[in-house]
Every structure is written in C-alpha cells, then in structure tokens.
Amino acid sequence: MNHPVPSAPPPGDADPLSRVPLGEQVRGLLLEGLLSGRWQPGERIVERRLAAELNVSQAPVREALRSLQTLGLLDAEPNRGVRVRTIGPAELREVYRVRAALERLAAESAVVRLAGDTAALERHAELMAAAATAGDTIAQARHGVAFHREIVAASGNGTLLRTWEGLGVEVWTVLSLHRARPELHENAADHRPLIEAFRRQDPEAGRLLAEHVLEYSRRTA
C-alpha cells in the first residue's frame, strides 16, 4: 500500500514548547495509520522505510513499534520486522473486563478520598464535550482517558495505577471508539452520572464505573 503517512516535523523544526517525546508522536502517527487503514491486518511495517517517510531517525520509530507491539497491536517476526495483528471483538472485551475490574477497585477508594470534590472530573468532562463539538474523536478519547485516570490516581494505590496504565488504555479507547463510532456528544454525556456518583459519595460508585466501562466493550462487539 502506498497511502501517504502524515509527516512528522524534522527534529530541528520541532516546537521548543512541545513536551511530547518524538517516540510518542511517531506512535500517534502509527496508531492513526492503523485506524485509517493505511496498514491492513497482516501487512508488514518496515522500520527503515517509515523513518524515511517521516524524516526522523529509526530510533523513535523503533520505540513506537515496540510500544504498539507490547500493547498487542503488532506482531514481531524474527529478521522480518513487524506485521499488523488482527484485533477481534473478543480481545477488546478481554481488555475492557480487566480495565473494569481495576477501575471498580480504584473507585471504591477514590470515592472516599475525593470526599465529594469532583472539580477535576468536571474539567475533563467539559473537555470531552468540547472535543465532541469539534468532532475530534482522538481528543475525546484522550480527555476520556484522563477522566478515568483521575479516578484511578485518586485511589492512592500506586500499584493499581501502574497496572492500569500498563493496559495502554488510551490506545484501546481510540481503537474501540473507531470501531463503535458512537455519537460523540452521547459519549461525553455518559460520564455525567459518574461525576454525580462521586459528588454524592455514592458507595455504589465502583459498580457504576465498572458497568460504564463494560458498556463500551459491548458496543464494539
């Protein structure tokens, strides 16, 4: 396939205010390509060729490929580089079931520790709504993940947070939103009942959060 890949800026031309590492920028471009069909399941991604197309060294490309391989989106082949994996609904559901269990556990502590303070959750929900208005699925996924991370971090359990982050939640969220194609304003609004649950310190907040996460896995089936 010869579809163009969005160009990354040459290292010397990068915005000095940008704090996003080049490897993460390349990973974002790779993910965008996977979602848009630039690479199809089974297709090989050539590290050297991709680095030349993006006008970057092979190091950040290699870092990005390894990151997506760790998340299960790519398969490595000895002496042959990487190929795009086929990700089925069953695998997405597995990830969401694990995520739901972790977030339920986190919420049970977070609802007590937050003590009704939902300002941070409100801020992320507003950014999700703004992304919906702009029709920006990627931005909505990013702010949605930030919303959920706020809850996991509020649990005060560092091991739980690291395990949750290890799932690559943002990547799987973008993938599932791309497949389910939900109405973006509806997706943003779905988070309002969670905010209310944390505001009133509802002891059922953990269950509500887990059900919220699992509902998105059902939409990708």
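Cut-offs used in this document
- Residues numbered from 1 in each chain as written.
- Predicted model: local features only at pLDDT ≥ 70, side-chain atom pairs only at ≥ 80, totals over all residues.
- Heavy atoms only, no water.
- 1 Å grid on protein atoms, 1.4 Å probe; cavity = no way out; pocket = protein on both sides within 12 Å on 5 of 7 lines; lining within 4 Å.
- Points joined across faces, edges and corners; volume = space filled by probe spheres on them.
- Helix = DSSP H or I, 4+ residues; strand = E, 2+ residues; numbered from the N terminus.
- Pairing = 2+ DSSP bridges.
- Core = buried A, V, L, I, M, F, W, Y, C linked by side-chain atoms within 4.5 Å.
- Buried < 20%, exposed > 50% of the residue type's maximum accessible area, 1.4 Å probe, protein only.
- Contact = heavy atoms within 4.5 Å.

Draft legend 1. Summary view of empty space enclosed by the protein. The final tally for this structure, using the stated rule, is 3 cavities of 30 Å³ or more. Looking at the largest cavity, its volume works out to about 140 Å³. Lining of the largest cavity is provided by 16 residues; of these, Arg99, Thr173, Asn187, His191 and Tyr216 occupy positions nearest its centre. Of all the secondary-structure elements, those providing two or more residues to the lining of the largest cavity are helix H4 (89-113), helix H6 (137-154), helix H8 (169-180) and helix H11 (205-219). The leading source of residues in the lining of the largest cavity is H6, at 5 residues.

Draft legend 2. Just the pairing of strand S3 (residues 81-84), in detail. In terms of strand pairing, strand S1 (residues 44-45) meets S3 through 2 bridges, oriented antiparallel. Looking at the pairing, Ile45 lines up with Val82 of S3. Of the strand pairs in this sheet, strand S2 (residues 74-77) and S3 are connected by 4 bridges, and their pairing is antiparallel. What sits directly across from Ala76, in S3, is Val82. Turn length for the S2-S3 hairpin, with the two strands adjacent in sequence and antiparallel, is 3 residues, and the turn residue Asn79 shows positive phi of about 65 degrees.

Draft legend 3. Seen up close, the nonpolar core. With 30 residues, the main nonpolar core has Leu30, Ile45, Leu73, Leu74 and Trp172 as its most contacted residues. Elements supplying a minimum of two residues to this core: helix H1 (22-36), helix H2 (47-54), helix H3 (58-70), S3, H4 and H8. Ranked by the residues each element gives to this core, the list is headed by H1, at 6 residues. The residues touching Leu74, leaving out its near neighbours within four places in the chain, are Leu34, Ile45, Leu65, Leu68, Gln69, Val82, Arg83, Val84 and Arg85. Of all hydrophobic cores here, the second largest spans 14 residues; its members include Ala107, Ala125, Ala197 and Phe198.

Draft legend 4. Representation of unusual backbone geometry in the model. One non-glycine residue, Asn55, adopts positive backbone phi at about 60 degrees. Mapped onto the fold, Asn55 is located in the loop between H2 and H3. Backbone geometry at Gln201 places phi at a positive 55 degrees, although glycine is not the residue there. Relative to the assigned elements, Gln201 resides in the loop between helix H10 (192-199) and H11. Its relative accessible area of 41% is what places Gln201 among the partly exposed residues.

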